[in-house]
Amino acid sequence: MRETSRGAYRVSSYVISNTLIFLPFLLMIGILYTIPVYWLVGLRTEINSFFYFALIVWMVILMSNSFTACFSALVPNFIMGTSVISGLMGCFFLFSGYFIAKDSIPKYWIFMHYMSLFKYPFECFMINEYGGEEGMSMCVEMDGGKCRMYGNGFLEQQHIKETQKWSNLGVMLGFIIGYRLMCFVILWFRCHKTRN
């Protein structure tokens, strides 16, 4: 705000450069996380599943970074920022569909399910692991030596369609762009307010 108010650069320059600088750095973090975790956990052995998993991880990190940038611009200090961001992230995780199924969420809270930053990557991870042709033969639940549920049946039980594999990534990209735009608007408003 101090540098922008003195005309060193524009708010748009700051937001764009901040975004571009973080892209390769966060990609490196995502890859450093994905390479050991994917193979240690024992997920699908196909290389395209691995790359899709890495893409989801990168998108999650970018969403979190954009969300943090937006709310960091909104709050006045570090302590309040940490509190607000942690509280909202906890709410998003609670309503993601991991702890509480969508059907069990009260109707007046259902908007939180769709606003959750964790809903879309969670569904992508499940589609990546239990979808496709391999999901039709992957047994998820055994009963008396017979398979009661296969991977594709598990996805149906969770009301997840394989077509969501790419549309969820589009929603995640929308969150990234949306939070960056909100960050720009907040910073622009605060900088112009301090000039007056």
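Residues numbered from 1 in each chain as written. Predicted model: local features only at pLDDT ≥ 70, side-chain atom pairs only at ≥ 80, totals over all residues. Heavy atoms only, no water.

Can you walk me through the overall build of the chain in this structure?
A tally of helices and strands in the chain yields nine helices and two strands. Walking the chain from its N terminus toward its C terminus, one meets helices and strands in the order α-α-α-α-α-α-α-β-β-α-α. Projecting the C-alpha coordinates of the chain onto the three principal axes gives extents of approximately 75 × 40 × 30 Å. Put simply, the chain has 196 residues, and 36% of those count as buried. Sequence separation of 24 or more characterises 64% of the internal contacts of the chain that already satisfy a separation of 6 or more. Only carbon and sulfur atoms are counted for the fraction: they give 68% of the accessible area of the chain, which is about 12,000 Å². One way to put it: in the chain the 15 positive side-chain charges average out to a point 20 Å from where the 11 negative ones average out. (Helix = DSSP H or I, 4+ residues; strand = E, 2+ residues; numbered from the N terminus. Buried < 20%, exposed > 50% of the residue type's maximum accessible area, 1.4 Å probe, protein only. Contact = heavy atoms within 4.5 Å. Areas by Shrake-Rupley, 256 points an atom, 1.4 Å probe, with all protein chains shown as cover. Lys, Arg positive; Asp, Glu negative; His and termini not counted. Charge placed at Lys NZ, Arg CZ, Asp CG, Glu CD.)

Explain the UniProt feature "transmembrane region" (unreviewed entry) in the chain here, please?
Mapped onto the present numbering, the UniProt feature "transmembrane region" (unreviewed entry) falls at residues 20-41, 50-74, 80-101 and 169-189. Segment residues 50-74 splits into 100% helix and 0% strand. End C-alpha atoms: 36 Å apart. Secondary structure across residues 80-101 comprises 68% helix and 0% strand; the distance between its end C-alpha atoms is 31 Å. (UniProt positions renumbered as here; feature names shortened; annotations may be inferred.)

In this structure, what is going on with the environment of Val11? I would like to understand it.
Within the fold, Val11 resides in helix α2 (residues 11-41). By relative accessible area, Val11 is classed as buried at 7%. Put simply, Val11 and Ile105 are 94 residues apart on the chain and 40 Å apart in space, counted from C-alpha to C-alpha.

What's the story with the state of the cysteines in this structure? I'm lost.
Disulfide: a covalent bond connecting the sulfur atoms of a pair of cysteines. In total, this model carries one disulfide according to the counting rule given. Each sulfur in the disulfide pair Cys139 and Cys147 lies 2.3 Å from the other. Torsion about the S-S bond of the Cys139 and Cys147 cystine: about 110 degrees, corresponding to right-handed handedness. For Cys139, a relative accessible area of 33% puts it in the partly exposed group. (Disulfide = S-S within 2.5 Å.)

Mind showing me how you'd approach unusual backbone geometry here?
Backbone geometry follows two general trends: most residues other than glycine have a negative phi, and most peptide bonds adopt the trans configuration. Located in the positive-phi region is His159, a residue other than glycine, with phi close to 60 degrees. Within the secondary structure, His159 is located in the loop between α8 (151-157) and α9 (164-195). Taking relative accessible area as the criterion, His159 reaches 57% and is therefore assigned exposed.

Explain the packing of aromatic side chains here, please?
What characterises a pair of aromatic rings is the spacing of the ring centres plus the angle enclosed by the ring planes. In the structure shown here, the tally under the stated rule is 22 aromatic pairs. Ring geometry for Phe53 versus Phe125: centroids 5.0 Å apart, planes at 40 degrees, classification tilted. Residue Phe53 is located in helix α3 (residues 47-74), and its partner Phe125 is located in helix α6 (residues 119-130); the two are separated by 72 residues in the primary sequence. Take Phe53: its relative accessible area is 8%, and that puts it in the buried class. Against the face of Tyr52 rests Lys165, its NZ or CZ located 4.7 Å from the ring centre. (Phe/Tyr/Trp six-rings, centres within 6.5 Å; stacked < 30°, edge-to-face > 60°. Lys NZ or Arg CZ within 6 Å of the ring centre and 35° of its normal.)

Looking at this structure, I do not really get the pattern of salt bridges. What am I missing?
A pair can form between side chains of opposite charge whenever their charged atoms are brought close. Under the counting rule described, the total for this entry stands at three salt bridges. Arg44 is the salt-bridge partner of Glu134, the closest N and O atoms lying 3.8 Å from each other. Of this pair, Glu134 sits in helix α7 (residues 132-137) while Arg44 sits in the loop between α2 and α3, placing them 90 residues apart in sequence. With a relative accessible area of 29%, Glu134 lands in the partly exposed category. With a relative accessible area of 9%, Arg44 lands in the buried category. Of the charged contacts in the structure, one is a salt bridge between Glu141 and Arg148, with a shortest N-O distance of 3.0 Å. (Salt bridge = Lys/Arg side-chain N within 4 Å of Asp/Glu carboxyl O.)

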